[in-house]
Amino acid sequence: MIRAATSDDAQAICDLVNYYAERGRMLHRSLESIYESLRDFLVCKEQERVVGCVAVSICWKDLGEVRSLAVAPDCQGKGIGRKLVEQAAEVARQIGLRRIFALTYETKFFASAGFRVVDREALPTKVWRDCIYCPRADACDEIAMILDLT
Ligand SMILES: CC(C)(COP(=O)(O)OP(=O)(O)OC[C@H]1O[C@@H](n2cnc3c(N)ncnc32)[C@H](O)[C@@H]1OP(=O)(O)O)[C@@H](O)C(=O)NCCC(=O)NCCS
């Protein structure tokens, strides 16, 4: 079941995201930053366990970012990631956003969800606000991908 995150989910979201951050696949998030942006998060729960999460953050009038998408290692390949991204797109539509983007290494996954690769320079500067926290800030190899919602 996918639903908006509650404060009870924050620690599990943090653990899930940082499991992949420790393996160099995602940006690390502090528990504090998860609480600060908790209203951006959706979670997928199976028997009370958080098995997946995603956040949509608003960047600008018509642009949002899909962030912190993660599915527990033992739950991958069952369509949970796809459902989380579809639900995130629906949330973004309801807010009035026209495009959502992701900065990712998982290009095949996002392409299968309808995203296309765009030139990173096409995104507004504000998008790079978190780069100062990233160990790869000077050698970023994440790919920018975008989904039109209209
Ligand atoms: C990327 C991730 C969220 C995908 O979640 P998932 O639940 O395993 O993906 P799904 O089962 O919904 O797969 C949806 C589609 O993407 C494909 N896919 C998923 N991961 C893929 C990968 N690594 N490479 C190629 N294709 C992939 C699936 O085959 C499926 O294709 P289909 O619809 O044609 O059958 C998950 O692998 C993950 O948590 N990865 C680690 C964290 C991460 O990198 N997050 C992205 C940060 S931007």
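Up top you'll find the structure we're talking about.
All figures in this text were calculated on a predicted structure; none of them were measured in a lab.

Undergrad: An account of the site of the ligand is requested, with residue identities and associated values reported.
TA: Near the ligand there are 20 residues, and of these V71, G79, G81, R82 and E106 occur at the shortest range. Take K78: an N or O atom from its main chain is 3.3 Å from an oxygen atom of the ligand. A distance of 2.8 Å separates a nitrogen atom of the ligand from a polar atom in the side chain of E106. Relative to its unbound accessible area of 910 Å², the ligand is 71% covered by the protein chains. For the shell around the ligand, the secondary structure elements donating two or more residues are β4 (63-71), α3 (80-95), β5 (99-104) and α4 (107-112). It is α4 that contributes the most residues to the shell around the ligand, 4 residues altogether.

Undergrad: Would you mind going over the environment of D62 in detail, with residue names and values included?
TA: Within the secondary structure, D62 sits in the loop between β3 (49-60) and β4. Under the relative-accessibility criterion, D62 is labelled partly exposed at 25%. Along the sequence, D62 and I100 sit 38 residues apart, while their C-alpha atoms lie 8.4 Å from each other. Beyond its immediate chain neighbours, meaning those up to four positions away, D62 contacts L97, R98 and R99.

Conventions adopted
- Residues numbered from 1 in each chain as written.
- Predicted model: local features only at pLDDT ≥ 70, side-chain atom pairs only at ≥ 80, totals over all residues.
- Heavy atoms only, no water.
- Near = heavy atom within 4 Å.
- Polar contact = N/O pair within 3.5 Å; in protein donor to acceptor, adjacent residues only side chain to side chain.
- Areas by Shrake-Rupley, 256 points an atom, 1.4 Å probe, with all protein chains shown as cover.
- Helix = DSSP H or I, 4+ residues; strand = E, 2+ residues; numbered from the N terminus.
- Buried < 20%, exposed > 50% of the residue type's maximum accessible area, 1.4 Å probe, protein only.
- Contact = heavy atoms within 4.5 Å.

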